[in-house]
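Each chain, written out:
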Amino acid sequence: MKKIKINSTIKEVNSDNLHDLRLELGISDDTITIYKGFATDENLKLNDNDSVIFIKKGQIPKNECLKEMMAARNSPEINDALNGAKIGIAGLGGLGSSVAIALARVGVSYLKLVDFDTVDPSNLNRQQYFIDDIGKYKTQALADIIAKINPFVNVEIETIKLDENNVNSVFNSCDIVAECFDNPHAKAMLINNLKNKIIVAASGMAGYGRSDEIKTIKMAKNLYICGDLKSAASIGNGLMAPRVGICAMHQANQILDILIKRVENNG
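Residues numbered from 1 in each chain as written. Predicted model: local features only at pLDDT ≥ 70, side-chain atom pairs only at ≥ 80, totals over all residues. Heavy atoms only, no water.

Caption draft 1: Examining helix α7 (residues 184–193) more closely. Residues of α7 that are buried include every one of Ala186, Lys187, Met189 and Leu190, and no others. Each buried residue of α7 sits inside an arc of 160° when the element is viewed along its axis, so together they form one side. Pointing more than 90 degrees away from the buried face of α7 are the exposed residues Pro184, His185 and Asn192. Summarising the contacts, the buried residues of α7 are in contact with β6 (86–90), α6 (167–170), β9 (176–179) and β10 (198–202). Capping of α7 at its N-terminal end is provided by Asn183; its side-chain oxygen lies 2.7 Å from the backbone amide nitrogen of His185. (Buried < 20%, exposed > 50% of the residue type's maximum accessible area, 1.4 Å probe, protein only. Helix = DSSP H or I, 4+ residues; strand = E, 2+ residues; numbered from the N terminus. Arc of directions from axis to C-beta. Contact = heavy atoms within 4.5 Å. Polar contact = N/O pair within 3.5 Å; in protein donor to acceptor, adjacent residues only side chain to side chain.)

Printed below as a string of structure tokens:
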């Protein structure tokens, strides 16, 4: 007998592999097997305390199964890093909306979303909003989108314009802040005034092509900058989804790297 976690419930089974388990439980052919977070048709060997979820195609799983499946995509060490993470996002345009969604998808436990603006039609070429979000505050629109992607993320919003007088109090609870403004003065304000936080900033992602020019550079002990550091937006060389997205994923990836290394170093 083996103890296997099946659809979030521990059961004792006789099966030694996934195919036999399907037969033992009478699982129908229109059901997908999710083993340790991965969909598979392989006849894999079962071990005690393995996690298996069976879901009919097109069916939304129960919350406890969904949470288990999402967590199973990562190693225990990565989940430890994500569960303790408190990330602030300063600015929710093309960069910020993309960084927030990427971090939500991997399972960061807490995001603080900060912006003062509303969604307008000119945002839709690169920002992660929809036509029916036009007119909504970006904070609320993005929080609603994240809830549809990963309802287990604790999202806090603050609809406010950041300045040197409030930036530290707004991000007081955060360990890492993603600087995602499109205004160079706002970028400088945050970097120069935010204290005792790791900042992952962005500079240079306008236009198209030249994907390999976007890089992540450690500029100081607590400051990383992603981008090519030169291509500013201008008429004829505007911000477009592909390069903005590449830069945003550099920011999200750097934040994950910091979180995971922190857990490894403390372990």
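Caption draft 2: Structural detail: unusual backbone geometry. For Ser8, which is not a glycine, the phi torsion comes out positive at approximately 75°. Relative to the elements of secondary structure, Ser8 occurs in the loop between β1 (2–6) and β2 (9–13). Accessibility expressed as a relative area gives 22% for Ser8, which makes it partly exposed.

Caption draft 3: Geometry of the sheet that holds strand β3 (residues 31–35). In spatial order, the strands read β2-β1-β5-β3-β4; together these five strands make up an open sheet with mixed pairing. Taken across any chain shown, the strands that pair with only one partner, and hence form the sheet edges, are β2 and β4 (38–39). Two elements, β3 and β4, share two bridges in a ladder whose sense is antiparallel. In the strand pairing of β4, Ile34 is matched with Ala39. (Pairing = 2+ DSSP bridges.)

Caption draft 4: Structural context of the pattern of salt bridges. This model, assessed by the stated rule, comprises eleven salt bridges. The residue Glu179 makes a salt bridge to Lys187 at a minimum N-O spacing of 3.1 Å. Exposure remark for Glu179: the relative accessible area of 0% places this residue in the buried category. A residue is classified by how much of its surface remains accessible, and Lys187, at 14% relative accessible area, is buried. (Salt bridge = Lys/Arg side-chain N within 4 Å of Asp/Glu carboxyl O.)

Caption draft 5: The arrangement of the packing of helix α3 (residues 76–83) against helix α8 (residues 241–266) in detail. Two elements in contact, α3 and α8, have axes whose closest approach is 9 Å; the angle formed by their N-to-C orientations is 110°. If you check the angle between α3 and α8, you find them roughly perpendicular. Mapping the contact onto sequence places Glu77, Ile78, Asp80, Ala81 and Leu82 in α3 and Leu256, Leu259, Ile260 and Val263 in α8. Classifying every residue of the contact of α3 with α8 by side-chain character gives seven nonpolar, no polar and two charged. (Axes fitted to C-alpha atoms, helices over the stretch in contact; angles between N-to-C directions. Parallel < 35°, antiparallel > 145°, perpendicular 65-115°, else oblique. Nonpolar A, V, L, I, M, F, W, Y, C, P; charged D, E, K, R; others polar.)

The values reported here are purely geometric and, on their own, carry no functional implication.
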